[in-house]
Amino acid sequence: MELINIEELIKVLNDLNLPKTNDEKKNFFDICGYPHYENVVSNVLAYFFEKYPEIFLNSFLTLLGIENEIFEGVEREVLTEENKRLDIVITTNNRIIGIENKIYANDKNQPYEDYIAYLKDSEEKKPYTMVLLAISQNKTSNEDVKLINYKNFLNKIKENLGKYISNLESDD
């Protein structure tokens, strides 16, 4: 079986002159049938935090007012003492960060006290930050939890991505 390269595929698709549709634009998650699943989004976030910490993690930390951290690791669905699952846990050289990811649900009834106890008692014994990453909330249900909304996070990623690309180009 002969494989076609991506440039040839794009050319073939462009040459088809398919009719335009009035459908709203779909993203990768819509196409895959997972537009609202927090676990899927959390998996993607964990991947990018680990693969590109200089862009994604630094963007996230900047919104928390934290700087000069070195990425050490990321975990998903971390089990706490009370058998609750913390969506994302990031470890840096100086800190441990718990992230509760909310796409369309609110954060009421979240076991924040359990999450915070897990972060506080972790093996690393580092300062901790518990964060709610949400689309539409403007405050958290727990005063010890910091809030980052997706719009601000994505805007900061765009800003840092531009700086990152400029630095790559200037290194040439």
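Residues numbered from 1 in each chain as written. Predicted model: local features only at pLDDT ≥ 70, side-chain atom pairs only at ≥ 80, totals over all residues. Heavy atoms only, no water.

1. Observations concerning the nonpolar core
Counting 23 residues, the largest nonpolar core has Leu 45, Phe 49, Phe 60, Ile 90, Ile 99, Leu 133 and Phe 153 as the members making the most contacts within it. For this core, the secondary structure elements donating two or more residues are α3 (38-51), α4 (56-63), β2 (85-92), β3 (96-102), β4 (128-134) and α6 (150-171). Excluding anything up to four places from it in sequence, Ile 90 contacts Phe 49, Leu 57, Phe 71, Gly 73, Val 74, Arg 95, Ile 96, Ile 97 and Ile 99. (Core = buried A, V, L, I, M, F, W, Y, C linked by side-chain atoms within 4.5 Å. Buried < 20%, exposed > 50% of the residue type's maximum accessible area, 1.4 Å probe, protein only. Helix = DSSP H or I, 4+ residues; strand = E, 2+ residues; numbered from the N terminus. Contact = heavy atoms within 4.5 Å.)

2. Let's talk about α4
Because each turn of an α-helix spans 3.6 residues, side chains separated by three or four positions in sequence point in the same direction. All of the buried residues along α4 are Phe 56, Leu 57, Ser 59, Phe 60 and Leu 61. Following α4 by one or two positions, Gly 65 has its phi on the positive side, about 75 degrees.

3. Examining the confidence of the model for the protein
Of the residues in the protein, 80% reach a pLDDT of 70 or more, and the chain-wide mean stands at 82. Within the protein, α4 carries the highest mean pLDDT (94), whereas helix α2 (residues 28-32) carries the lowest (66). (pLDDT = per-residue confidence, 0-100.)

4. Points about the sheet that holds β2
Strand order in the open sheet formed by five strands is β1-β2-β3-β4-β5, and the pairing between neighbours is mixed. Looking at which strands have only one partner, the edges of the open sheet turn out to be β1 (71-79) and β5 (146-149). Going across the sheet, the axis of each strand differs from the next one's by a mean of 25 degrees, ignoring polarity. Bridge count for β1 against β2 is seven bridges, and the pairing is antiparallel. Within β2, the residue paired with Val 78 across the bridge is Leu 86. The strands that α3 touches are β1, β2, β3 and β4; relative to β1, the one it contacts most, it runs at about 165 degrees. The strands touched by α4 within the sheet are β1, β2, β3, β4 and β5, with β3 carrying the most contacts at an inclination of about 90 degrees. (Pairing = 2+ DSSP bridges. Axes fitted to C-alpha atoms, helices over the stretch in contact; angles between N-to-C directions.)

5. Section: the pattern of salt bridges
Side-chain pairs of opposite charge can arise where the charged atoms are in close proximity. All chains considered together, the criterion is met by five salt bridges. With its nearest N and O atoms 3.6 Å apart, the salt bridge here joins Lys 102 to Glu 38. Taken together, the residues Lys 102 in strand β3 and Glu 38 in helix α3 connect sequence positions 64 residues apart. With a closest N to O distance of 3.3 Å, Lys 102 and Glu 100 form a salt bridge. Taking relative accessible area as the criterion, Lys 102 reaches 8% and is therefore assigned buried. Among the residues examined, Glu 100 registers a relative accessible area of 3% and is labelled buried. Connected via shared salt-bridge partners are Glu 38, Glu 100 and Lys 102. (Salt bridge = Lys/Arg side-chain N within 4 Å of Asp/Glu carboxyl O.)

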